[in-house]
Amino acid sequence: MDIISGKFDNQITLFSPVATQSTSSGATSYTYTEVGTIWCYVNTRANTEKFIEGKRNVDDKLTIDVRFNDVTSVTNEWHFQYEGLEYSIVTFFEAPEYGRRNAVRIIGEVLK
């Protein structure tokens, strides 16, 4: 049985960086372009959220699991968006409990 089926029930949108170099100063700046939307599992065991005065406060970091084949070109320079918040990718690695080359765990940090 495929343990991933049915577990990936949330979506994130991936953004890749596009470098632009200023012709006058030579400085490089980055903008982000949408690559696509993929299914993910929000790893609640690794995330923390609190309710303060009836409002949900989410930790600055979010841990998600995605299918390996959906993120073969992703790097730490990429961003993703989940529930209206944009995150920079801090790190990512193979999620061992899914088996070899089945899933990647991504840890993102909210952009402020």
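Throughout, a residue's number is its position along its own chain's written sequence, starting from 1. Per-residue local features are limited, in this predicted model, to residues with pLDDT of at least 70; the limit for side-chain atom pairs, both in listing and counting, is 80 or more; totals at the level of whole chains, interfaces and linings are taken over all residues. Computation of side-chain values covers all heavy atoms of the structure but excludes hydrogens and water.

Student: Would you mind showing me how to read the pairing of strand β8 (residues 103–110) here?
Tutor: Within a regular strand, side chains alternate between the sheet's two faces. Three labels apply to residues, based on accessible area from a 1.4 Å probe with only protein chains included: buried if under 20% of the type maximum, exposed if over 50%, partly exposed otherwise in between. Secondary structure is summarised from DSSP: a helix means a run of H or I of at least four residues, a strand means a run of E of at least two, and numbering begins at the N terminus for each. The buried count for β8 comes to six of eight residues, which makes it a mostly enclosed element. Two strands form a pair only when DSSP identifies at least two bridges running between them. Sheet analysis places strand β5 (residues 61–67) next to β8, joined by seven bridges and oriented antiparallel. Paired with R67 across the bridge in β8 is A103. Across seven bridges, the pairing between strand β7 (residues 85–94) and β8 is antiparallel. Paired with S88 across the two strands is E109, which belongs to β8.

Student: Any chance you could explain the nonpolar core here in plain terms?
Tutor: Most often, soluble globular proteins have nonpolar side chains that are buried together. Side-chain atoms within 4.5 Å are what join buried Ala, Val, Leu, Ile, Met, Phe, Trp, Tyr and Cys residues into a set we call a nonpolar core. Membership of the largest hydrophobic core comes to 19 residues, with the highest contact counts inside it found for I12, L14, I64, V66, V71, F80 and I106. Of all the secondary-structure elements, those providing two or more residues to this core are β1 (10–21), β2 (28–42), β5, β6 (79–82), β7 and β8. For L14, the residues in contact, after removing those within four places along its chain, are T33, E34, V35, G36, I38, D70, V71, V74, W78, H79 and F80. Counting residues in hydrophobic clusters, the runner-up holds five residues, among them Y41, A95, Y98 and A103. It only takes one pair of heavy atoms within 4.5 Å for two residues to be counted as in contact.

Student: Before we go on, may I ask you to explain the environment of G84 in this structure?
Tutor: Looking at where G84 falls in the secondary structure, it is placed in the loop between β6 and β7. For the pair G84 and I12, spaced 72 residues apart in sequence, the C-alpha to C-alpha distance is 9.6 Å.

Student: Mind showing me how you'd approach the pattern of salt bridges here?
Tutor: A side chain of one charge can pair with a side chain of the opposite charge when the charged atoms of the two come close. Only one rule defines a salt bridge in this text: a Lys or Arg side-chain nitrogen within 4 Å of an Asp or Glu carboxyl oxygen. Taken as a whole and judged by the stated rule, the model has three salt bridges. Between E97 and R105 there is a salt bridge, with the nearest N and O atoms lying 2.3 Å from each other. Of the residues examined, E97 reaches a relative accessible area of 38% and is grouped as partly exposed. Bridged by salt links that share partners, the residues D65, E97 and R105 form one connected network.

Student: Looking at this structure, I do not really get the packing of aromatic side chains. What am I missing?
Tutor: Given two aromatic rings, one states the distance between the centres and the angle between the planes to describe the pair. Any two of the Phe, Tyr and Trp rings considered here, Trp counted by its six-membered ring, make a pair once their centres fall within 6.5 Å; the pair's planes then place it as stacked at under 30 degrees, edge-to-face at over 60, or tilted in between. This model, assessed by the stated rule, comprises one aromatic pair. Residues F80 and Y87 carry aromatic rings whose centres are separated by 5.0 Å and whose planes lie at 10° to one another, so their mutual orientation is stacked. Comparing F80 with Y87 shows no difference in burial state: the two are buried. The ring of Y41 is capped by K7, whose NZ or CZ atom sits 4.5 Å from the centre of that ring. Here the guanidinium or amino end of R67 rests over the ring plane of F8, the centre of that ring lying 5.1 Å away. Geometrically, a charge over a ring is one whose NZ (Lys) or CZ (Arg) sits within 6 Å of the ring centre while staying within 35 degrees of the ring normal.

Student: What is the right way to read the pairing of β5 from this model?
Tutor: Counting buried residues in β5 gives five out of seven residues, a clear majority hidden from the surface. Here β2 runs beside β5; their pairing, made up of three bridges, is antiparallel. Paired with V42 across the bridge in β5 is I64.

Student: Explain the environment of T33 to me, please; I cannot follow it from the model alone.
Tutor: You can see T33 is positioned in strand β2. With a relative accessible area of 38%, T33 lands in the partly exposed category. Along the sequence, T33 and V18 sit 15 residues apart, while their C-alpha atoms lie 7.0 Å from each other. For T33, the contacting residues outside a window of four places in its chain are L14, F15, S16 and V18.

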